[in-house]
Amino acid sequence: MRSATLGSAAALCMVLVLGCSRQQPAGASAGSAAPQLFRITLQLDWVAEPEHGGLYQALAKGYFRDAGLDVNIVQGGPNDFVMQKVATGQADIGQNDSTNTLLAIAQGLPMIQIGAVFQNDPSVLMLHADNPVRRFEDLDGKTIMARPEWAFLPYLKNKYHINFSIVPQNFEVANFVANPNFIQQGFYTAEPYYIVKGGAKYPKFLYAWDAGFDAYTSLIANRAWAERNPTRVRAFMAAFIRGWKDYIEGDPAPANALMKRENPNNTDGFLDFCRTMIIKEKLVIGRKAADDSQTGRISRERFDYLP
């Protein structure tokens, strides 16, 4: 895959976002009739959890409605097919890993990245605390449970000249808890809660960014839809950023209540753990950020690690 192709794909995401994502949309003038809300269908990459906190806070607090939008959030799951649904127009916007999205765009899927959910994707390799694996090179010959399509896996093999086997992700931690040598992909903001609850020690992690693979968790949109509705995309992003700021700095109760209704498996303990990790790790604003000026934004330069 040519870097020019990926560079062009990365550049597409800037047109609708940079310089305008914090701009609030103009509302109706005083005394005028309330405008009709514009319907948007948004496909999540997983069930409702705090990684979607900004979206649910914007929905619960009426920020999307204030922006003239009627946003319908559709939960995902093990077979959510976010990119396919966005590419075929079944969803207008979706949440997905930025690298896999760019690879799909370079292969011709009609999508565009409109903004960032997390400045740093929290996908990691989880290991037991006493697992002898310490470096990526130590993964040679091992077996890893992960999403086979995760772009980080071939990246690791190519960068470190190693080979390992892949067991498809089952999105549970029972095997990890039971097997001290188990290595599994996960969100380090979420799975550790259940690992400790299952009786194992708090795991250690191999972070993708330590290998030079620094992806976003991104918001993607159907390209034709976004090109027809640039003002509404900007309005959506402004409300989304407002939602994230409120969720991590204010009272998360409105979003948490919605997420508990949508996903009854959410407990107060889990919601608090995940939100605390997101805040502590500065994933929304950027791990190395001094302020929140980059919330929701994506940068072409961040994709320099791609071949």
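The coordinates are above.
If you're wondering where the values come from, they're calculated on a predicted model, not measured in any experiment.

S.K.: So what exactly am I meant to see when it comes to empty space enclosed by the protein here?
M.R.: Picture a little ball the size of a water molecule; that probe, rolled over the atoms, points out where space is still empty. Counted according to the given criterion, the structure contains two cavities of 30 Å³ or more. As for the largest cavity, its lining consists of Asp121, Ser123, Trp150, Ala208, Trp209, Phe213, Asp214 and Ala215. By residue class, the composition of the lining of the largest cavity is five nonpolar, one polar and two charged. The volume enclosed by the second largest cavity comes to roughly 30 Å³. Partitioned by chemical class, the residues of the lining of the second largest cavity number four nonpolar, one polar and two charged.

S.K.: Explain the pairing of strand S5 (residues 123–127) here, please?
M.R.: Each regular strand displays side chains that alternate between the two surfaces of the sheet. Where burial is concerned, most of S5 is hidden: five out of the five residues are buried. Of the two faces of S5, the one holding Ser123, Leu125 and Leu127 and the one holding Val124 and Met126 are both buried throughout. Relative to strand S8 (residues 183–187), S5 is paired through five bridges, and the arrangement is antiparallel. Bridging from a neighbouring strand, Ser123 pairs with Phe187 of S8.

S.K.: How should I be thinking about the side chain of His52 in this particular structure?
M.R.: Tracing the chain through its elements places His52 in the loop between strand S1 (38–43) and helix H2 (53–60). Among the polar contacts made by the side chain of His52, one reaches the side chain of Asp45 at a distance of 2.8 Å. Sequence-distant contacts of His52, that is, excluding residues within four places in its chain, are made with Leu44, Asp45, Trp46, Val47 and Gln95.

S.K.: Before we go on, may I ask you to explain the sheet that holds strand S2 (residues 69–74) in this structure?
M.R.: Sheet strands line up and pair through hydrogen bonds in the backbone, either parallel or antiparallel. Strand order in the open sheet formed by five strands is S2-S1-S3-S10-S4, with mixed pairing between adjacent strands. One side of each edge strand has no neighbouring strand; the edge strands of this open sheet are S2 and strand S4 (111–118). Between one strand axis and the next, the sheet turns through 30 degrees on average, direction left out of account. Sheet contacts for H2: S1, S2 and strand S3 (93–97); angle to S2, the most-contacted strand, approximately 135 degrees.

S.K.: For this particular structure, what's the right way to read helix H12 (residues 268–280)?
M.R.: The α-helix winds at 3.6 residues per turn, so residues separated by three or four positions along the chain end up facing the same way. Its 13 residues place the ends of H12 18 Å apart at the C-alpha level, agreeing with the 18 Å of an ideal helix rising 1.5 Å per residue. Listing the buried residues of H12 in full gives Phe270, Leu271, Phe273, Cys274, Arg275, Met277 and Ile278. Buried positions along H12 lie against S4, helix H8 (191–197), helix H10 (230–249) and helix H11 (253–262). Count one or two residues on from H12 and you reach Lys282, which has phi positive near 55 degrees.

Procedures and definitions
- Residues numbered from 1 in each chain as written.
- Predicted model: local features only at pLDDT ≥ 70, side-chain atom pairs only at ≥ 80, totals over all residues.
- Heavy atoms only, no water.
- 1 Å grid on protein atoms, 1.4 Å probe; cavity = no way out; pocket = protein on both sides within 12 Å on 5 of 7 lines; lining within 4 Å.
- Points joined across faces, edges and corners; volume = space filled by probe spheres on them.
- Nonpolar A, V, L, I, M, F, W, Y, C, P; charged D, E, K, R; others polar.
- Buried < 20%, exposed > 50% of the residue type's maximum accessible area, 1.4 Å probe, protein only.
- Helix = DSSP H or I, 4+ residues; strand = E, 2+ residues; numbered from the N terminus.
- Pairing = 2+ DSSP bridges.
- Polar contact = N/O pair within 3.5 Å; in protein donor to acceptor, adjacent residues only side chain to side chain.
- Contact = heavy atoms within 4.5 Å.
- Axes fitted to C-alpha atoms, helices over the stretch in contact; angles between N-to-C directions.
- Expected span 1.5 Å × (residues − 1).

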